[in-house]
Amino acid sequence: MIKRSFFKSKYIPYLLILPQLLITLTFFYWPAIQGLIQSFLLSDPFGRRSTFVWFYNYIELFTDPLYLKSIMITLIFSVLVAGVSLFLGLFIATMANRALKAKAVVRTLLIWPYAVAPAISGILWLFLLHPSYGIVALGIKNWLGIDWNPVLKGSDAMIMVTLASAWKQISYNFVFFVAGMQAIPKSLIEAAAIDGASPLRRFWSITFPLLSPTFFFLSVMNIIYSFFETFGIIHTVTQGGPGGSTNIMVYKVYQDGFVGLNMGASSAQSVVLMSLIILITVIQFKFVEKKVQYTG
Amino acid sequence: MVERTPLLDIFTYLFLMAGILIVGFPIIYSLIAATQTLEDVSKVPMPLIPGDQFWVNMQEAWSRGDLGTQIMNSFIMATGITMGKITISILGAFSIVYFDYRFRAVAFASVFCTLMLPVEVRIMPTYEVAANVLGPLQALWDFLHLNAVVSWFTANEFELALDWSLLDSYTGLILPLIASATCTFLFRQFFLTVPEELCEAAKMDGASPMTFFRKILLPLSKTNIAALVVIEFVYGYNQYLWPLLITTNPKMTTAVIGLQNLIPQADDLPEWNLALGAAILVMLPPVLVVLFMQRWFVKGLIEKEK
């Protein structure tokens, strides 16, 4: 789209868009194409020569049990993170929406974890869940009688990174849910109340369906968050361990490429991730536009 | 509230307080830990009464982690990313919305396609570009066999070797992260809502495009810019993967990454009081920005994702 009235100039528009295009070409398109090319190449151990090997890297990748496990772990992890943070965010937002008098204070008290870096959130939870010093770990051991040890047990490590990742995301979801609830017309709620619907019934029959666009949008954002931005948490808390039980796909790209220097495999994994995120984006655009839009 | 539900109201506030407590607990607990001596912090469970070692711990953490340098680096990186992103996006959006030229649609599409390609999915190749930013140019040069062409023209042996590494530099920390489709898109959406009459009037008064931009469009965008400043500052400050890749010199590392060295490992003294003290110090700048610019922050967050 363009304005009805616009300027005419031979060179100004090109100059204005040039910095953006230069950066995009250098740091987005060139690397993306390079990655695509490298994913079809196999280099010798000294990195001198590389041969074109068709889909060899991809076939290797998808027959590698470690990679399949990493895909599984990423899926479980993202569903857990999205589930926990969406549930808590929605719950707190519903409560905050009812507590009209304290709204501003509540928002201030809940909003700041968004600004905490994922890696720092990782450090905080690493301490809380530390098998020998952590107070939450102590509670789990004493009250639930579980032998908590995230250093040795994969499932415990997964719970730890999930909590650290979900905690940070609660405030993000909270902000969007509160905004979504404020957009719901008061008259709908009042009409339902006059008809004798209880607060719980009103939530399930009015508020929740009207929040569905927000809910869908947030699910996508939370999944993207747990796919990519949680890198810092994994790196500080578990480094993918123990035994690869928290080695999500992004972390595996880093490990294989940057630590293991296996260029072909790393590039193929990058391409898989890129396709995945393009798919998510397309689904989001298609779905958000058509299906789940109630509010005008 | 539509009707009186005293019991439910009580529960509302109770749940709300419980929620706030759960969200705040990690920080409160870490703050208490940061005030303890090494002896107290390694007790199981750690006493919940704050100790008096806060300043001692902070000073120790500050010097041991070299936090002064690293927070400064983070600050420069965050500011650079914020300013760079906003500048190139607002100019780009101005070009796309207010001019008609041949490659307008192509330019917009090529920027828009990068919307969902975070640096995390193209780690290795982007690192290679950062190791030599002129690499793409060099590749083009070699591809066209321009060495041979120049050698033939000058009748001398000619070899062009372009090399500009961004590793361990502020430019390298900032530049690759400032291309942002979301910001460009946001400004584009906003410019499209600006009344047509403003531009017509400006043209009638003989204003050049850049005068119109400076005198009319920029002041109108003030709130959008403020909102983006908050969001992008937090984004830049909290970057992890990119600085981890391209900095090896501890003097160039950012604070969030430097913290890693303070976490006690299995064989170290369990100096969690220092690690947590440092963590709280490092997280402070973006948290303060968000808290004090809360209104802009919420606006920016919601507008950006529209």
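Up top is the structure these notes are about.
The present account deals with the structure reproduced in this document. None of the values given here were measured: they were computed from a predicted structure.

The rules we used
- Residues numbered from 1 in each chain as written.
- Chains lettered and ligands numbered in written order.
- Predicted model: local features only at pLDDT ≥ 70, side-chain atom pairs only at ≥ 80, totals over all residues.
- Heavy atoms only, no water.
- Helix = DSSP H or I, 4+ residues; strand = E, 2+ residues; numbered from the N terminus.
- Buried < 20%, exposed > 50% of the residue type's maximum accessible area, 1.4 Å probe, protein only.
- Areas by Shrake-Rupley, 256 points an atom, 1.4 Å probe, with all protein chains shown as cover.
- Lys, Arg positive; Asp, Glu negative; His and termini not counted.
- Charge placed at Lys NZ, Arg CZ, Asp CG, Glu CD.
- Salt bridge = Lys/Arg side-chain N within 4 Å of Asp/Glu carboxyl O.
- Axes fitted to C-alpha atoms, helices over the stretch in contact; angles between N-to-C directions.
- Parallel < 35°, antiparallel > 145°, perpendicular 65-115°, else oblique.
- Left-handed = near helix turned anticlockwise from the far one by under 90°.
- Contact = heavy atoms within 4.5 Å.
- Nonpolar A, V, L, I, M, F, W, Y, C, P; charged D, E, K, R; others polar.

**A short note on the overall build of chain A**
No. 1: In terms of regular secondary structure, chain A is built from 13 helices and 2 strands.
No. 2: Principal-axis analysis of the C-alpha atoms gives chain A an extent of 75 × 70 × 30 Å.
No. 3: When each of the 296 residues of chain A is scored for burial, the buried share is 55%.
No. 4: Summed over all atoms, the accessible surface of chain A reaches about 13,900 Å², with 69% contributed by carbon and sulfur.
No. 5: For chain A, the centre of its 21 positive side-chain charges and the centre of its 10 negative side-chain charges are spaced 14 Å apart.

**Examining the pattern of salt bridges**
Should the charged atoms of two oppositely charged side chains come close, the side chains can pair.
No. 1: For the coordinates displayed, the defined rule picks out 6 salt bridges over all chains.
No. 2: Of the charged contacts, one joins Lys252 of chain A and Asp256 of chain A as a salt bridge, the two residues approaching to 3.2 Å between their closest N and O atoms. Taken together, the residues span about one helical turn, with Lys252 of chain A and Asp256 of chain A both in helix H12 (residues 249–259) at a distance of 4 residues. There is no split in this pair, since Lys252 of chain A and Asp256 of chain A are both buried.
No. 3: Shared partners join several salt bridges into a network, and the residues in it are Glu60, Arg64 and Glu271 of chain B.

**A look at the packing of helix H1 (residues 12–38) of chain A against helix H6 (residues 123–131) of chain B**
No. 1: Relative to each other, H1 of chain A and H6 of chain B sit at 125°, their axes nearing to 8 Å. Judged by the inter-axis angle, H1 of chain A sits oblique to H6 of chain B. The way H1 of chain A lies across H6 of chain B gives a crossing that is right-handed. Residues Thr26, Phe27, Trp30, Pro31, Gln34, Gly35 and Gln38 of chain A of H1 of chain A touch H6 of chain B, and the partners they reach there are Pro125, Thr126, Glu128 and Val129 of chain B.
No. 2: Considered class by class, the residues forming the contact of H1 of chain A with H6 of chain B number 5 nonpolar, 5 polar and 1 charged.

**Concerning the side chain of Thr24 of chain A**
No. 1: Relative to the helices and strands, Thr24 of chain A resides in helix H1.
No. 2: Overall, the relative accessible area of 2% leaves Thr24 of chain A in the buried class.
No. 3: With sequence-adjacent residues up to four places away left out, Thr24 of chain A is seen in contact with Tyr29 of chain A together with Ser110, Val111, Thr114 and Ala179 of chain B.

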